Amino acid sequence: MEKQFYYQMQWPRDNLFISCYAHELFNYRYHWHDSDYEIDILLKGRAEFCSGQNTYNLEENDVILINPKVWHASFALEENSKALVLRFSDSVFRSLLGKDARLRFQLPPSCGSTRDQESYRKLRCYAAMLLSSMDQSGTFQPLRSRASFEMLLASICEMDSQLERVADHNEKSRETVARLLKFIEQHNTEKLSLDDLARYTHYNRTYVSTLFKNTMGINFHDYLTKVRLTNAIFQLAVTDKNVTQIAVDCGFSDLKTFNHRFRDIFGYLPAEYRQRLNLSHIMHLKNQQIYVSPNDPSVAEKLKEYMDIWRTPNQKGAAEH
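As the structure is a prediction and not an experimental result, all values here were calculated from the model. (Residues numbered from 1 in each chain as written. Predicted model: local features only at pLDDT ≥ 70, side-chain atom pairs only at ≥ 80, totals over all residues. Heavy atoms only, no water.)

### Here's the deal with the overall build of the protein
Step number 1: Helices and strands together make up the secondary structure of the protein, namely twelve helices and ten strands.
Step number 2: Its C-alpha atoms give the protein a radius of gyration of 21 Å, within 12% of the compact-globule value 20 Å for 321 residues.
Step number 3: For the protein, the spread of C-alpha atoms along the principal axes amounts to about 70 × 45 × 40 Å.
Step number 4: Here the protein holds 321 residues, and the buried ones make up 49% of them.
Step number 5: In the protein, of all internal contacts separated by at least 6 residues, the share reaching a separation of at least 24 is 73%.
Step number 6: Approximately 16400 Å² of the protein is accessible, and the part contributed by carbon and sulfur atoms is 48%. (Helix = DSSP H or I, 4+ residues; strand = E, 2+ residues; numbered from the N terminus. Rg over C-alpha atoms; globule rule 2.2 N^0.38 Å. Buried < 20%, exposed > 50% of the residue type's maximum accessible area, 1.4 Å probe, protein only. Contact = heavy atoms within 4.5 Å. Areas by Shrake-Rupley, 256 points an atom, 1.4 Å probe, with all protein chains shown as cover.)

Right, dumping it as structure tokens:
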């Protein structure tokens, strides 16, 4: 089996967990991370990124940072579009901020007028160094990887951010929310209400609503809509059902509601999204990823390009010879 650019490292004592990989982009896969930050760097091609309520068109070398609990998705606008992705846990800041605080970074995605600014160049450089070091072996490989990541982290912390409080729930509360998420996943196609969740947990409606909002960062109805949209996006891509049938099958009351919710998030109607799909370039498994091989020359060249930005002209000349 060909080697893939997918690596994970962890330092549990320091509450540090990192995933780093390069992958090919396809159709939308709408999802979120409970406690991870994510940095996406477009290595090749063009892509549309949906983050929260905003949609951005990214080109080669553009960078987007996604905070925890922000729903997001990417969509290839060209075949063979590839991205470098770095995910790391918010616990990395715990020793500095305390367990009940988190940073929400205000970094806008780069574009034609900003992608060559120093802040984005630094992120590309250190992310490339991290991925490159993770691909190596040897006694000091973890040290190189940790150093690359900490330089990237220091660069991010120089940017605008907002301190937000994180509710510190006890084990029982966390277990209750985990049960609620599983219940929603199993019943999201049905008519579902807060009263149903209250009956399931044997708590009152107000308590369930508050617990869910404090833990998930959004209210129950918004979360349910996003879960339904996740399933609808997948069905639009891989089935030949008409849009009305998909709306009903995914739990929306009618086509009008589905259209309205879809356009609120992605900026266009479900039927328009389906028209934009390249039928030869669709991910047919819901949680599938196509990771890029380290032998892919386009990726290797990009990583080298990103890492070269801090070399002096003399160092670059020596490297070329």
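From this point, the narrative continues.
### Description of the pattern of salt bridges
Opposite charge on two side chains permits pairing when their charged atoms draw close.
Step number 1: Applying the stated criterion to the full structure yields 20 salt bridges.
Step number 2: With a shortest N-O distance of 3.0 Å, E164 and R104 are connected by a salt bridge. One end of the pair, E164, is in strand β10 (residues 161-165); the other, R104, is in strand β9 (residues 101-105), with 60 residues separating them in the sequence.
Step number 3: Here D308 makes a salt bridge to K304, at a shortest N to O gap of 3.0 Å.
Step number 4: When its relative accessible area of 13% is taken as the criterion, D308 is described as buried.
Step number 5: By relative accessible area, K304 is classed as partly exposed at 43%.
Step number 6: One continuous salt-bridge network, built from bridges that share partners, spans D90, R102, R104 and E164. (Salt bridge = Lys/Arg side-chain N within 4 Å of Asp/Glu carboxyl O.)

### Remarks on the confidence of the model for the protein
Step number 1: In the predicted model, the protein carries a mean pLDDT of 88, and the fraction of residues at 70 or more is 93%.
Step number 2: Within the model, the stretch residues 312-316 combines pLDDT values under 50 with four contacts to residues more than four positions away or in other chains. (pLDDT = per-residue confidence, 0-100.)

### Points about the sheet that holds strand β3 (residues 36-44)
Step number 1: Reading across from one edge, β1-β2-β8-β3-β6 is the order of the five strands in this open sheet, with antiparallel pairing throughout. Every other strand in the sheet has two partners, leaving β1 (6-11) and β6 (63-66) as the edge strands with one partner each. Strand-to-strand twist across the sheet, computed as the mean angle between neighbouring axes with direction ignored, equals 10°.
Step number 2: When strand β2 (residues 16-24) meets strand β8 (residues 82-89), the two strands line up antiparallel, connected through seven bridges. Paired with A22 across the bridge in β8 is L84.
Step number 3: Where helix α3 (residues 141-157) meets the sheet, its contacts fall on β1, β2, β3, β6 and β8, and the angle it forms with β1 comes to roughly 85°. (Pairing = 2+ DSSP bridges. Axes fitted to C-alpha atoms, helices over the stretch in contact; angles between N-to-C directions.)

### As for the packing of helix α4 (residues 171-187) against helix α7 (residues 220-238)
Two measures define how a pair of helices packs: the angle their axes make with one another and the distance between the axes.
Step number 1: Between α4 and α7, the shortest axis-to-axis distance is 10 Å and the interhelical angle comes to 45°. As judged from the angle between their axes, α4 and α7 are oblique. α4 and α7 meet at a crossing whose hand is right-handed. Seen from α4, the contacting residues are L181, I184 and E185; seen from α7, they are F220, Y223, L224 and V227.
Step number 2: When the residues that make up the contact of α4 with α7 are grouped by side-chain class, the tally is six nonpolar, no polar and one charged. (Parallel < 35°, antiparallel > 145°, perpendicular 65-115°, else oblique. Left-handed = near helix turned anticlockwise from the far one by under 90°. Nonpolar A, V, L, I, M, F, W, Y, C, P; charged D, E, K, R; others polar.)

### Digging into the packing of aromatic side chains
Step number 1: According to the stated counting rule, one finds 27 aromatic pairs in the structure shown.
Step number 2: With centroids separated by 5.5 Å and ring planes inclined at 50°, the aromatic side chains of Y28 and F75 adopt a geometry described as tilted. Of the two residues, Y28 is situated in the loop between β2 and β3 and F75 in strand β7 (residues 72-76); the sequence distance between them amounts to 47 residues. As far as burial versus exposure is concerned, Y28 and F75 are alike and both buried.
Step number 3: Ring centres of F183 and Y200 lie 4.3 Å apart, and the angle between their planes is 20°; this geometry places the pair in the stacked category. Of this pair, F183 sits in helix α4 while Y200 is found in helix α5 (residues 194-201), placing the two residues 17 residues apart along the sequence.
Step number 4: Its end group placed over the ring of W11, R146 keeps NZ or CZ at 5.1 Å from the ring centre.
Step number 5: We note R179 situated over the ring of Y200; from NZ or CZ to the ring centre the distance is 5.0 Å. (Phe/Tyr/Trp six-rings, centres within 6.5 Å; stacked < 30°, edge-to-face > 60°. Lys NZ or Arg CZ within 6 Å of the ring centre and 35° of its normal.)

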